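Topology and contacts: notes
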Amino acid sequence: MTRRVLIGGVAAALAAGALVTAVGWSADSGDEEGKFAADALTAMFQEYGDSSGTWLGADRTASVPLSGDRTLWLFSDTFLGRPGEGGTRPRDSGLINNSAIIQEDGRLGRFYYGGQPSAPSALVPTPEQEEFNWIGDAVTAGGRVQVLANSYRRSGAGPLDHKLTGTMLADFTESSLTPGPVRKLPLGDRISWGSEVLTGGGRLYVYGTEGVGSMKFAHVARTAGLDLAGAWEFWTGSGWSATESDSARLLSGVGTNYGVRRVGDQYVLVTHENNMIFSADVVAYTADSPTGPFNGPHYLFRAPEVAEGHIVYDADLHQELSRKGRLLVSYNVNNLDEAVTYADASVYRPRFVEVKWPPAGSAKGPAAPGGLTAVADGAGTASVTWQPVTGSDISYRVYRRDVTAGQTHFVRLPGDGPGANTTFRSDFLTNGHDYEFAVTAVSPRGESTLSEAAAMRATVPPPDAPGTVEVRALSDGRVTVHWGQIPFVQLVKVFYRDVTDGQSKPEAAGTFPGVSATIGPLRHGHEYEITVVAVGGGGDSPPSRGVRVTPRVTPPAAPALPTAEARPDGSVHVTWPAVAPGLSYQVFTREVGSSDWGVPGLTGRTAFDTVPLRHGREYEVAVAAVNSGGVGEKSLPIRVRAVVAAPTAAPARLEVEVEAEQGVVELTWKSTGAEWHKVSRRDLTAGETELVEDGIAVKGTRTVVRGLADGHEYEFVVAAVNDGGSGPRSTPVKVRLPSVAPTEVSARSDEPGTVTVAWTEIRRGLTYRVQLRDTTAGEQWRTDPYPVTGDRYRTSLLAGGHRYEFRLQLPDGTMSVTASTTVR
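All figures in this text were calculated on a predicted structure; none of them were measured in a lab. (Residues numbered from 1 in each chain as written. Predicted model: local features only at pLDDT ≥ 70, side-chain atom pairs only at ≥ 80, totals over all residues. Heavy atoms only, no water.)

When you go through the protein chain residue by residue, the secondary structure sums to three helices and 66 strands. In summary, the protein chain has a C-alpha radius of gyration of 43 Å against a globular reference of 28 Å for 824 residues, an excess of more than 25%. Here the protein chain holds 824 residues, and the buried ones make up 50% of them. Pairs at least 24 apart in sequence give 60% of the contacts found in the protein chain among residues at least 6 apart. For the protein chain, the accessible surface area stands at approximately 37,200 Å², while carbon and sulfur atoms represent 49% of it. (Helix = DSSP H or I, 4+ residues; strand = E, 2+ residues; numbered from the N terminus. Rg over C-alpha atoms; globule rule 2.2 N^0.38 Å. Buried < 20%, exposed > 50% of the residue type's maximum accessible area, 1.4 Å probe, protein only. Contact = heavy atoms within 4.5 Å. Areas by Shrake-Rupley, 256 points an atom, 1.4 Å probe, with all protein chains shown as cover.)

Structure representation (structure tokens):
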């Protein structure tokens, strides 16, 4: 599993306890300061997983010595939280793809991860959403920690279905593990680099793993100095090359991760035995240089968990912590049936074993067997026979090498072996591959050397189609598929076809070991046909008979009571604990007193920001989880009062421009993020001392102000506004409007009793009122009842010989213009 999911109840534990005080989670050898006994380390991680409330279990388990007698433990896939009742792993436990723990003073302390406590993520992130990083190894230099991680992409639904996409380099401070840059190295996708990083001779030797089919091969590169970000060279088998594609294989049968250390005058490589699938053996190889050639294998121990149905993988060395004269080896444990690991959280945690090193020399064993033959029997197995060895209490061990697959060393075949018999049948062969077999004799005095090898080419038919296949729909849309044990088959492929949608070609759900697999989730209410194909040494079997099933998904339970925090922009930030991994959520909001929840918001996270709400109003917020089965029950609502903070920044660059022809001014400004603004003004000419705010807000950053008095000087300011009030005002600007009084006013009398008044307009389109009086008769000013437009006015029925005065007035009274003339 490599999904990034939120963590349910773990969020609170991470928020409160990410800085874990690990009192009691310690391991000590009791006789060598700073060194640790294997069983004490195993117990320490079990206790940490049970008690920390954050780190529930993980794999990889790389150790890096830090300054101050501290140790950095690096992990890949990490489950979060605390065990459930009876030591189970809760189904809502979060999963992140890598993490770290600092060990100090013999105690496991702070747990490190990426993201936030409410949404934890991988410590070493990847820029590609569909990819994830698994940890390789790390080194320290100059107060920094450089971590190699390999990026993968899922290639199917099975636990073994993933594809390498490249290698990343992450940088951290050593003192606080503060993350720095993460970048992709200029490396390909053939070799996962960072299985081990070994310091020697002023260089770094970087070991990697190449996966080819079911076989894995070790490679090595080196840097010019002690910086992983520098140039790399790659071992070609005879020298060094700057081209990665020239990298040669060192040996076969390594894990994705393994340990290499200089111990005494030898380089010791320790790995889980991967020449055989699902082996229980952990082995060592030795060499005189970092590049080999490596001799072995030396069988160190068999992991007991394999006999319990688990798998073990990725052995590593921790010599900085080991006691004198020992190899301190870790390995990881898992189970390919996820029901097993969810039933027991302690399974998915590292184990530690101490092995005395160098191994004690044994007395001379019996002679090697002779007369070895190996013959393909045509049924997918090889029949191996040899001559008996003289002596008492003699038993035999059989070794095999797949020459075609490139296997570099003989590997001991698992199981009880032939015992004292001189015949053996070897199974799980691959069709058309060339194999070599060898046999040793074992007595109380020791084990003989390998016999002369016997070669054969395997003939393996495809396996039969799986027989009875049973399916069972789970309540979450997943389907459990069971099939019977198939001879000489360790992997099967499971396929599904959506009958409801009319899908014609089955789709691969993944490749699985054992006799069961859980696939999906599939679409709620759709009928599917499930088939199974066995994968053997002779290829794929025909598909099994199809079995139909209709998955049903129970809508999820209601989330726990959410929290709601009013934000200054009027929105509400809502968070809640995850109900289960992989769900989406609907967030409902309504004003208190309303019965209508309206249209909910939708999110795939456990946090949501509502749209801005009305300032000062009280709202109810509720959350419902959603899966393919529908929308679950709403949570209990929580109340929150929306608050909109008034703007805090004043608009900038307020400018004013007069449009004389229109008698208006245009104001423009630069907003600091607000949408609405209000303009305030005062008439300086009229002696106004207070700025008066316009009643109507302006949307945008421009407005035209009308209704101003011509010839008056004004001062303007602008302020951003929202429901929370007005913000600070801008720097004021001043402007004077030009006078629009007509000029060149004249009056003349061309006919008896008639006068024509003419003028020049400053602004076209104005309406004037004409005032006149008979000064000869001592008359007061009177206004002609008819407004005048244009640039002239004519009146009649005036008294001959009388002197008249005329003047023009703007009709709104904002400005009057008087012009007198003498009529003769």
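Moving on, we come to the sheet that holds strand β10 (residues 131–141). In spatial order, the strands read β10-β11-β12-β13; together these four strands make up an open sheet with antiparallel pairing. Here the strands that pair on one side only, and so sit at the sheet edges, are β10 and β13 (179–184). Across this sheet, the average inter-strand angle for adjacent strands is 25°, counted without regard to direction. The pairing of β10 with strand β11 (residues 144–154) spans nine bridges and is antiparallel. Following the sheet pairing, Trp-134 is matched in β11 by Asn-150. (Pairing = 2+ DSSP bridges. Axes fitted to C-alpha atoms, helices over the stretch in contact; angles between N-to-C directions.)

Overall, antiparallel pairing links the three strands, which are arranged β50-β51-β55 in an open sheet. Since the sheet does not close on itself, it has two edges, and those belong to β50 (652–659) and β55 (702–705), each with one partner. Across the sheet, the axes of successive neighbouring strands diverge by a mean angle of 20°, strand direction being ignored. With six bridges connecting them, β50 and strand β51 (residues 664–670) associate as antiparallel partners.

Further remarks concern the pairing of strand β12 (residues 162–173). The element β12 is extensively covered by neighbouring structure, given that ten of its twelve residues are classed as buried. Alignment of β11 against β12, held across eleven bridges, turns out to be antiparallel. Opposite Tyr-152, over in β12, you have Leu-164 as the bridge partner. Here four bridges tie β12 to β13, and the two strands are oriented antiparallel to one another.

Mapped onto the elements of the fold, Val-206 is located in strand β15 (residues 203–212). As for Val-206 and Leu-41, which are separated by 165 residues in sequence, their C-alpha atoms are 26 Å apart. Sequence-distant contacts of Val-206, that is, excluding residues within four places in its chain, are made with Leu-148, Trp-193, Gly-194, Glu-196, Val-197, His-219, Val-220, Ala-221, Leu-228 and Trp-232.

Let's shift gears to helix α2 (residues 38–51). In a regular helix each residue adds 1.5 Å, so 14 residues correspond to 20 Å; α2 covers 20 Å between its end C-alpha atoms and thus fits that length. Here α2 has its buried residues at Ala-38, Ala-40, Leu-41, Thr-42, Met-44, Phe-45, Gln-46, Tyr-48 and Gly-49. Tucked into the core, α2 has its buried residues touching β1 (55–58), β3 (70–75), β6 (99–104), β7 (107–112), β24 (326–334) and β25 (351–356). Positive backbone phi, approximately 80°, marks Gly-53, located one or two places after α2. (Expected span 1.5 Å × (residues − 1).)

What follows is about unusual backbone geometry. Cis geometry marks the peptide bond from Gly-292 to Pro-293, where omega comes out at 5°. Structurally, the position occupied by Pro-293 is in the loop between β21 (281–287) and β22 (295–302). The omega torsion across Trp-357 and Pro-358 is 0°, close enough to zero to call that bond cis. Note on placement: Pro-358 falls in the loop between β25 and β26 (373–376).

Here we come to the side chain of Ser-52. Here Ser-52 lies in the loop between α2 and β1. Among the polar contacts made by the side chain of Ser-52, one reaches the main-chain amide nitrogen of Thr-54 at a distance of 3.2 Å. (Polar contact = N/O pair within 3.5 Å; in protein donor to acceptor, adjacent residues only side chain to side chain.)

In this section: the side chain of Thr-603. For Thr-603, the location among the structural elements is in strand β45 (residues 601–603). The exposure class of Thr-603 is buried, given its relative accessible area of 12%. Here Arg-605 takes part through its backbone nitrogen, which lies 3.0 Å from a polar atom of the side chain of Thr-603.

Taken together, the side chains of Glu-33, Asp-69, Glu-104 and Asp-105 make up a negatively charged region of the molecular surface. Structurally, Asp-105 can be placed in the loop between β6 and β7. (Patch = residues over 30% accessible without salt bridge, like charges linked within 9 Å, V, L, I, M, F, W, Y side chains within 5 Å. Salt bridge = Lys/Arg side-chain N within 4 Å of Asp/Glu carboxyl O. Lys, Arg positive; Asp, Glu negative; His and termini not counted. Charge placed at Lys NZ, Arg CZ, Asp CG, Glu CD.)

Membership of the largest hydrophobic core comes to 22 residues, with the highest contact counts inside it found for Trp-386, Tyr-396, Val-398, Leu-429, Phe-437 and Met-456. When residues of this core are traced back to their parent elements, those giving at least two are β27 (382–385), β28 (395–402), β31 (434–443) and β33 (454–457). Looking at this core element by element, the count peaks at four residues for β31. Val-479, Tyr-496, Tyr-528 and Val-547 belong to the second largest nonpolar core, which has 20 residues in total. (Core = buried A, V, L, I, M, F, W, Y, C linked by side-chain atoms within 4.5 Å.)

Turning our attention to the pattern of salt bridges. What the rule picks out here adds up to 42 salt bridges. The partner of Glu-715 in a salt bridge is Arg-682, with the nearest N and O atoms 2.8 Å apart. Of this pair, Glu-715 sits in strand β56 (residues 713–722) while Arg-682 sits in strand β52 (residues 676–683); the two residues are 33 residues apart in sequence, bridging distant segments of the chain. Judged by relative accessible area, Glu-715 falls into the buried class, the value being 9%. One salt-bridge network, in which partners are shared between bridges, spans Arg-91, Glu-338, Asp-476 and Arg-478.

What follows deals with the confidence of the model for the protein chain. Within the protein chain, residue pLDDT values average 90, and 94% of them lie at 70 or more. Confidence drops under pLDDT 50 across residues 15–26; counting only partners more than four residues distant or on other chains, this segment forms 28 contacts. (pLDDT = per-residue confidence, 0-100.)

Per the counting criterion, the structure on display carries 27 aromatic pairs. Summarising the aromatic geometry, the rings of Phe-45 and Phe-75 are spaced 6.0 Å apart at their centres and angled 75° between planes, so their arrangement reads as edge-to-face. On the criterion of sequence distance, the pair formed by Phe-45 in helix α2 and Phe-75 in strand β3 is long-range, its members being 30 residues apart. Comparing Phe-45 with Phe-75, the two get one shared label, buried. Site record: aromatic cluster; members linked through ring pairs are Phe-45, Tyr-48, Trp-55, Trp-73, Phe-75 and Phe-352. Directly above the aromatic system of Phe-217 lies the positively charged group of Arg-249, at a separation of 3.9 Å from the ring centroid. For the cation-ring pair, Arg-401 lies above Phe-410, with the distance from its terminal atom to the ring centre recorded as 5.9 Å. (Phe/Tyr/Trp six-rings, centres within 6.5 Å; stacked < 30°, edge-to-face > 60°. Lys NZ or Arg CZ within 6 Å of the ring centre and 35° of its normal.)

With respect to the helices, strands and loops of the structure, Val-333 is situated in strand β24. Separated by 454 residues in the primary sequence, Val-333 and Pro-787 place their C-alpha atoms 101 Å from one another. Ignoring anything within four residues of it in the chain, the contact list for Val-333 reads Glu-305, His-310, Ile-311, Val-312, Tyr-313, Val-347, Tyr-348, Arg-349 and Arg-351.

On to the pairing of β33. Across the two faces of β33 the burial differs, with Ala-454 and Met-456 buried and Ala-455 and Arg-457 not buried at all. For β31 and β33, the ladder comprises four bridges, and the chain directions are antiparallel. If you follow Phe-437 over to β33, its bridge partner there is Ala-454.

Tracing the backbone shows Gln-485 in the loop between β35 (479–483) and β36 (489–498). Look at Gln-485 and you get exposed, because its relative accessible area is 64%. Sequence separation between Gln-485 and Ala-138 is 347 residues, and the spatial gap between their C-alpha atoms is 42 Å.

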